[in-house]
Amino acid sequence: MSSLGVVVLSVPGMKHLSACLESVGWAEAIFLLHLGDEGPSIRPESYPRLVLRRAASAQELGRSCRDLGTDWILHLWGEEAVGPDLRDELRDLCRRELSQTPSAYRIAIRSQILGRW
């Protein structure tokens with residue numbers, strides 16, 4: 001069985017960060033990479049698997065990925081949430097042996113930009 005880690009990128013003022021973190025609470029590891037001087041709008045102690053890191057730039061995203069120590073890594077913007085269908089698909093992927101899975105896995109993400117999907 002393989003493991004899944006999540007790297008969430010956040011900036012000050014995100015309104016849905018807690019919903020994002022709750023939607024991936026089942027993951028083996030969660031890194032919240034926060035850009036900006038003011039802290040994130042959540043209570044980190046509310047999420048037992050969460051590691052909060054402050055970052056000076058988005059370039060630090062790669063370093064966080066290496067530190068996760070999981071077989072699979074999901075990157076999320078702090079305004080995104082993983083729905084039940086995607087959660088089940090990812091859990092199914094992690095139940096397979098790594099030797100029987102592709103070396104990469106791409107998920108089509110729908111994003112709302114400027115009020116449109």
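Scroll up to find the structure this text is about.
Residues numbered from 1 in each chain as written. Predicted model: local features only at pLDDT ≥ 70, side-chain atom pairs only at ≥ 80, totals over all residues. Heavy atoms only, no water.

A. Representation of the overall build of the protein chain within the structure. Looking only at helices and strands, one finds 3 helices and 4 strands in the protein chain. For the protein chain, the N- to C-terminal ordering of α and β elements is β-α-β-β-α-β-α. Evaluated residue by residue, the protein chain yields a buried proportion of 38% over its 117 residues. Long-range contacts, defined as pairs at least 24 residues apart, comprise 58% of the intrachain contacts of the protein chain with a sequence gap of at least 6. Counting every atom, the protein chain has about 7,500 Å² of accessible surface; 49% of that belongs to carbon and sulfur. (Helix = DSSP H or I, 4+ residues; strand = E, 2+ residues; numbered from the N terminus. Buried < 20%, exposed > 50% of the residue type's maximum accessible area, 1.4 Å probe, protein only. Contact = heavy atoms within 4.5 Å. Areas by Shrake-Rupley, 256 points an atom, 1.4 Å probe, with all protein chains shown as cover.)

B. Main features of the environment of Glu28. Residue position: Glu28 is located in the loop between helix H1 (17-23) and strand S2 (29-35). For Glu28, the residues in contact, after removing those within four places along its chain, are Ser3, Leu4 and Arg49. Within the structure, Glu28 has its side chain in polar contact with the backbone nitrogen of Leu4 (distance 2.7 Å). (Polar contact = N/O pair within 3.5 Å; in protein donor to acceptor, adjacent residues only side chain to side chain.)

C. Main features of the sheet that holds S2. What the 4 strands build is an open sheet, ordered S3-S2-S1-S4; its pairing is parallel. Each having just a single partner strand, strand S3 (50-55) and strand S4 (72-77) make up the two edges of the open sheet. Across the sheet, the mean angle separating the axes of adjacent strands is 20° when strand polarity is ignored. Sheet analysis places strand S1 (residues 4-10) next to S4, joined by 6 bridges and oriented parallel. (Pairing = 2+ DSSP bridges. Axes fitted to C-alpha atoms, helices over the stretch in contact; angles between N-to-C directions.)

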